[in-house]
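These are the residues of each chain, in order.
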Amino acid sequence: MAKKRVFSGIQPTGQIHLGNYLGAVKNWVDSQDEYENIFCVVNSHAITTTQDPKELKEKTYELAGMLLACGIDVEKSNLFIQSEIDEHPALAWILDCNIPMGEMNRMTQFKDKSSKNAKNVNVGLFNYPALMAADILLYQSDGVPVGEDQKQHLELSRNVAMKFNRDFGECFKIPEPLIPKVGARVMGLDDPSVKMSKSAKGNNHAIFLLDSPEEILKKFKKATTDSHNAIIFDETRAGVYNLLSIYEVFTHKSREMIENEFAHKGYGEFKIAVAEVVIEALRPIQEEYLRLSTEKGYIQKVLRAGADKVRPLAKATYQKAKDLVGLV
Ligand code: AQP
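How each quantity is defined
- Residue indices begin from 1 for each chain and proceed along its sequence in written order.
- Local features in this predicted model are restricted to residues whose pLDDT is 70 or higher, and side-chain atom pairs enter the listing and the counts only when it is 80 or higher, whereas totals over whole chains, interfaces and linings include all residues.
- Remark: hydrogens and water are excluded; side-chain values derive from all non-hydrogen atoms of the structure.
- Here a helix means four or more residues in a row that DSSP labels H or I, a strand means two or more in a row labelled E, and each is numbered from the N terminus.
- Burial status follows relative accessibility: with a 1.4 Å probe on protein chains alone, a residue under 20% of its type maximum counts as buried, one over 50% as exposed, and anything between as partly exposed.
- Contact criterion: two residues are considered in contact whenever any of their non-hydrogen atoms come within 4.5 Å of each other.
- In these tables, accessible area is a Shrake-Rupley quantity obtained with a 1.4 Å probe, and a residue counts as shielded only by the protein chains included in the view.
- His is not counted here, nor are the chain ends, while Lys and Arg score as positive and Asp and Glu score as negative.
- Note on charges: their place is set at NZ of Lys, CZ of Arg, CG of Asp or CD of Glu.
- Each Phe, Tyr or Trp ring (for Trp, its six-membered ring) is paired with any other whose centre lies within 6.5 Å, and the angle between the two planes then decides the class: stacked below 30 degrees, edge-to-face above 60, tilted in between.
- Residues are counted as near a molecule or strand when any one of their heavy atoms sits within 4 Å of it.
- In protein, a polar contact means a hydrogen-donor-capable atom and an acceptor-capable atom, both N or O and within 3.5 Å, with residues adjacent in sequence counting only if both atoms are side-chain atoms; elsewhere, any N or O pair within 3.5 Å suffices.
- Three classes are used, and their members are as follows: Ala, Val, Leu, Ile, Met, Phe, Trp, Tyr, Cys and Pro are nonpolar, Asp, Glu, Lys and Arg are charged, and the others, Gly among them, are polar.
- Between N-to-C directions, angles cover 0 to 180 degrees, with each direction set by a line fitted to C-alpha atoms, over the stretch in contact for helices.
- Working rule for angles: under 35 degrees goes down as roughly parallel, over 145 as roughly antiparallel, 65 to 115 as roughly perpendicular, anything else as oblique.
- Definitions for this section: a left-handed crossing has its near helix turned counterclockwise from the far helix by less than a right angle. A right-handed crossing has that turn clockwise.
- A pair of strands is labelled paired if DSSP reports no fewer than 2 bridges between them.

Participant: Please explain the overall build of the protein chain as it appears in this structure.
Facilitator: On a plain count of helices and strands, the protein chain comes out with 13 helices and five strands. Expressed as lengths along the three principal axes of its C-alpha atoms, the size of the protein chain is roughly 70 × 45 × 45 Å. Considering the protein chain as a whole, with its 328 residues, one finds that 52% of them fall into the buried category. Sequence separation of at least 24 residues holds for 75% of the intrachain contacts in the protein chain that already meet a minimum separation of 6. Carbon and sulfur atoms provide 53% of the accessible area of the protein chain, an area that totals close to 15900 Å². Averaging the coordinates of the 42 positive side-chain charges in the protein chain and doing the same for the 44 negative ones gives two points 3 Å apart.

Participant: Before we go on, may I ask you to explain the packing of aromatic side chains in this structure?
Facilitator: Geometry of an aromatic ring pair is reported as the spacing of the ring centres plus the angle between the planes. Applying the stated criterion across every chain, the model contains 10 aromatic pairs. Centre to centre, the rings of phenylalanine 7 and tyrosine 139 are 5.6 Å apart; their planes meet at 5°, and the pair counts as stacked. One end of the pair, phenylalanine 7, is in strand β1 (residues 5-10); the other, tyrosine 139, is in the loop between α7 (123-138) and β4 (143-145), and 132 residues separate them in sequence. Each member of the pair, phenylalanine 7 together with tyrosine 139, is buried. In textbook terms, an aromatic cluster arises when at least three aromatic residues are bridged by ring pairs, as seen for Phe7, Phe80 and Tyr139.

Participant: What exactly am I supposed to notice about the site of the ligand here?
Facilitator: Taken together, 23 residues lie near the ligand, and His17, Lys113, Asp149, Lys198 and Ser199 sit nearest. At a separation of 3.0 Å, an oxygen atom of the ligand approaches a polar side-chain atom of threonine 13. Between an oxygen atom of the ligand and a side-chain N or O atom of lysine 113, the distance comes to 2.5 Å. Out of a free accessible area of 650 Å², the ligand has 97% covered by protein chains. Put simply, the parts of the chain that give the shell around the ligand at least two residues each are β1 and α1 (18-30). It is α1 that provides the largest number of residues to the shell around the ligand, a total of four residues. Residue composition of the shell around the ligand, by class: six nonpolar, 12 polar and five charged.

Participant: Is there a simple way to think about the environment of alanine 316 in this case?
Facilitator: Here alanine 316 shows up in helix α13 (residues 296-325). Exposure remark for alanine 316: the relative accessible area of 46% places this residue in the partly exposed category. Along the primary structure alanine 316 and glutamate 87 are separated by 229 residues, whereas in three dimensions their C-alpha atoms are 9.7 Å apart.

Participant: What exactly am I supposed to notice about the side chain of asparagine 165 here?
Facilitator: Structurally, asparagine 165 is set in helix α8 (residues 151-168). On the basis of relative accessible area, asparagine 165 is assigned to the buried category, the value being 10%. At a separation of 2.8 Å, a polar atom in the side chain of asparagine 165 contacts the main-chain carbonyl oxygen of phenylalanine 172. When near neighbours in sequence (up to four residues on either side) are disregarded, asparagine 165 contacts Glu170, Cys171, Phe172 and Ile174.

Participant: I tried to follow the packing of helix α10 (residues 238-251) against helix α12 (residues 267-292) on my own but got confused; where do I start?
Facilitator: In helix packing, the relevant descriptors are the interaxial angle and the interaxial distance, both defined with respect to the helix axes. Interhelical geometry of α10 versus α12 gives an angle of 40° and a closest axis separation of 10 Å. One element, α10, and the other, α12, form an angle in the oblique class. For the pair α10 and α12, the crossing hand works out as left-handed. Packed against α10, whose contacting residues are Val240, Leu243, Leu244, Ile246, Tyr247, Phe250 and Thr251, the element α12 presents Tyr267, Phe270, Lys271, Ala273, Val274, Val277, Val278 and Ala281 at the interface.

Participant: Mind showing me how you'd approach the packing of helix α3 (residues 53-70) against α12 here?
Facilitator: One way to put it is that α3 packs onto α12 with a least axis distance of 8 Å and a crossing angle of 130°. With respect to each other, α3 and α12 are oriented oblique. Pair α3 / α12 crosses with right-handed handedness. In this structure, α3 contributes Glu62, Gly65, Met66, Leu68, Ala69 and Cys70 to the contact, and α12 contributes Ile285, Glu288, Tyr289 and Leu292. A breakdown of the residues in the contact of α3 with α12 according to their chemical character gives seven nonpolar, one polar and two charged.

Participant: Looking at this structure, I do not really get helix α4 (residues 87-96). What am I missing?
Facilitator: Residues spaced three or four apart along an α-helix face the same direction, because each turn holds 3.6 residues. Of all 10 residues in α4, seven are buried; the element is thus mostly enclosed. Taken together, the buried positions of α4 are occupied by Glu87, His88, Leu91, Ala92, Ile94, Leu95 and Asp96.

Participant: Any chance you could explain the pairing of strand β3 (residues 77-81) here in plain terms?
Facilitator: Along any regular strand the residues' side chains alternate between the sheet's two faces. Most of β3 is tucked away, with five of its five residues classed as buried. Across the two faces of β3 the burial is the same, with Ser77, Leu79 and Ile81 and Asn78 and Phe80 all buried. Strand direction decides the pairing type here: strand β2 (residues 36-41) and β3, joined by five bridges, are parallel. Each bridged residue has a counterpart across the sheet, and for phenylalanine 39 the counterpart in β3 is leucine 79.

Structure (structure tokens):
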């Protein structure tokens with residue numbers, strides 16, 4: 001039986017953090033054998049916020065290197081750069097013409113990102129979900145492994161695909177969200193009421209995958225908790241819950257085991273234990289990233305091969321959509 005196909009992407013907008021890793025990338029890696037995999041560095045999405053052009057190019061290749069270091073295996077997965085395939089923005093235009101304004105207006109990420117980027121609230125930022133829908137639908141994806149913050153965008157992708165199929169004829173597969181049970185929404189260490197984000201300000205907000213062991217330990221020691229002292233999984237206590245979830249996903253221990261482990265311990269000891277499992281999990285990734293950073297030619301070759309492999313599928317879907325709406 002043919003394997004189901006998954007598609008997902010990540011923006012080269014800054015250093016990848018623990019939220020990106022646990023919400024998305026780790027699951028891409030862990031399920032590579034189960035699916036036919038298409039992963040993409042979504043650099044066209046990145047220009048919806050202000051980027052330095054030279055830096056953006058560098059960050060695009062660095063992020064690809066980081067994905068390989070995290071364990072994306074090019075024998076099992078296709079990895080490419082979004083802007084290498086012209087059909088992404090081309091299909092986004094056709095989808096744009098089929099997404100009701102009311103639905104696009106409801107997207108909470110636009111509201112959040114436009115308030116953070118008040119000086120550059122552009123049409124592309126508003127239109128981001130249409131390009132994301134095109135990314136997914138072009139490859140007839142069965143599933144989309146993402147963090148919880150992308151759930152609303154994915155719902156829009158499904159809606160526009162169903163509407164298009166209904167109005168013009170069968171064209172797109174309807175994708176399912178694949179959101180992990182734990183780690184789907186890693187919160188900021190400094191403020192556990194907001195999701196960990198690449199672009200958030202503050203030295204103690206995010207654990208980046210390239211942070212040194214000393215930095216990781218320092219950030220966890222400073223993580224915001226609360227004035228209770230019971231170390232238990234209680235979602236209403238966001239800071240402690242966030243740290244426990246990070247510990248849970250890296251140790252694979254049950255919640256009961258973890259609560260027992262910390263039953264007679266204080267926050268100080270608990271935070272050090274969380275830091276230690278993260279440091280150990282990131283160590284091989286950091287070593288591999290360092291090794292790969294001397295192999296820029298190899299990374300470019302992998303990305304080119306990935307794009308060449310998936311391009312025919314993107315072209316076929318786009319041609320079909322174009323034909324169905326009456327474009328010659
Ligand atoms: N805090 C998070 N917890 C779990 N998953 C997360 N993701 C992002 N933040 C968290 C998931 O990471 C994947 C790639 O995200 P992205 O780079 O495309 O964009 P984003 O969601 O906008 O991520 P950031 O880090 O917050 O970037 P900026 O600051 O540039 O906006 C997605 O699957 C996402 O769900």
